[in-house]
Amino acid sequence: MIRPHDKVSWLEGSHRYWGFVQAIINRQAYLTAMIEHKGNHIELPLERLEVVK
């Protein structure tokens, strides 16, 4: 389970990106995570994220 402050990665095309979870957001039908990546905040579905250990 992904939680706030976890380091996560995700793929966009052939590039892998990393960031830190700031918050989990309930969108009624699905859950998303607010990710901080290079000073910017983006929102991604939990299904696209992998926890980095």
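Rules used throughout
Residues numbered from 1 in each chain as written. Predicted model: local features only at pLDDT ≥ 70, side-chain atom pairs only at ≥ 80, totals over all residues. Heavy atoms only, no water. Salt bridge = Lys/Arg side-chain N within 4 Å of Asp/Glu carboxyl O. Helix = DSSP H or I, 4+ residues; strand = E, 2+ residues; numbered from the N terminus. Buried < 20%, exposed > 50% of the residue type's maximum accessible area, 1.4 Å probe, protein only. Contact = heavy atoms within 4.5 Å. Polar contact = N/O pair within 3.5 Å; in protein donor to acceptor, adjacent residues only side chain to side chain.

Student: Before we move on, could you go through the pattern of salt bridges and cite the residues and values that matter?
Tutor: In total, this model carries 2 salt bridges according to the counting rule given. Between arginine 16 and glutamate 50 there is a salt bridge, and its shortest N-O distance comes to 3.8 Å. One end of the pair, arginine 16, is in strand β2 (residues 15-26); the other, glutamate 50, is in strand β5 (residues 50-51), with 34 residues separating them in the sequence. Looking at glutamate 50, the relative accessible area reads 44%, which means it is partly exposed.

Student: For the environment of phenylalanine 20, give the residues involved together with the corresponding values.
Tutor: Within the element layout of this structure, phenylalanine 20 appears in strand β2. Excluding its chain neighbours within four sequence positions, the residues that come into contact with phenylalanine 20 are His5, Asp6, Lys7, Met34, Ile35 and Glu36.

Student: Can you break down the environment of glutamate 12 residue by residue, with the values?
Tutor: Mapped onto the fold, glutamate 12 is located in strand β1 (residues 7-12). When the C-alpha positions of glutamate 12 and arginine 48 are compared, they lie 9.4 Å apart, and in sequence the two are 36 residues distant. If sequence neighbours within four positions are ignored, glutamate 12 has contacts with Tyr17 and Arg48. For glutamate 12, the side chain forms a polar contact with the side chain of tryptophan 10, separated by 3.2 Å.

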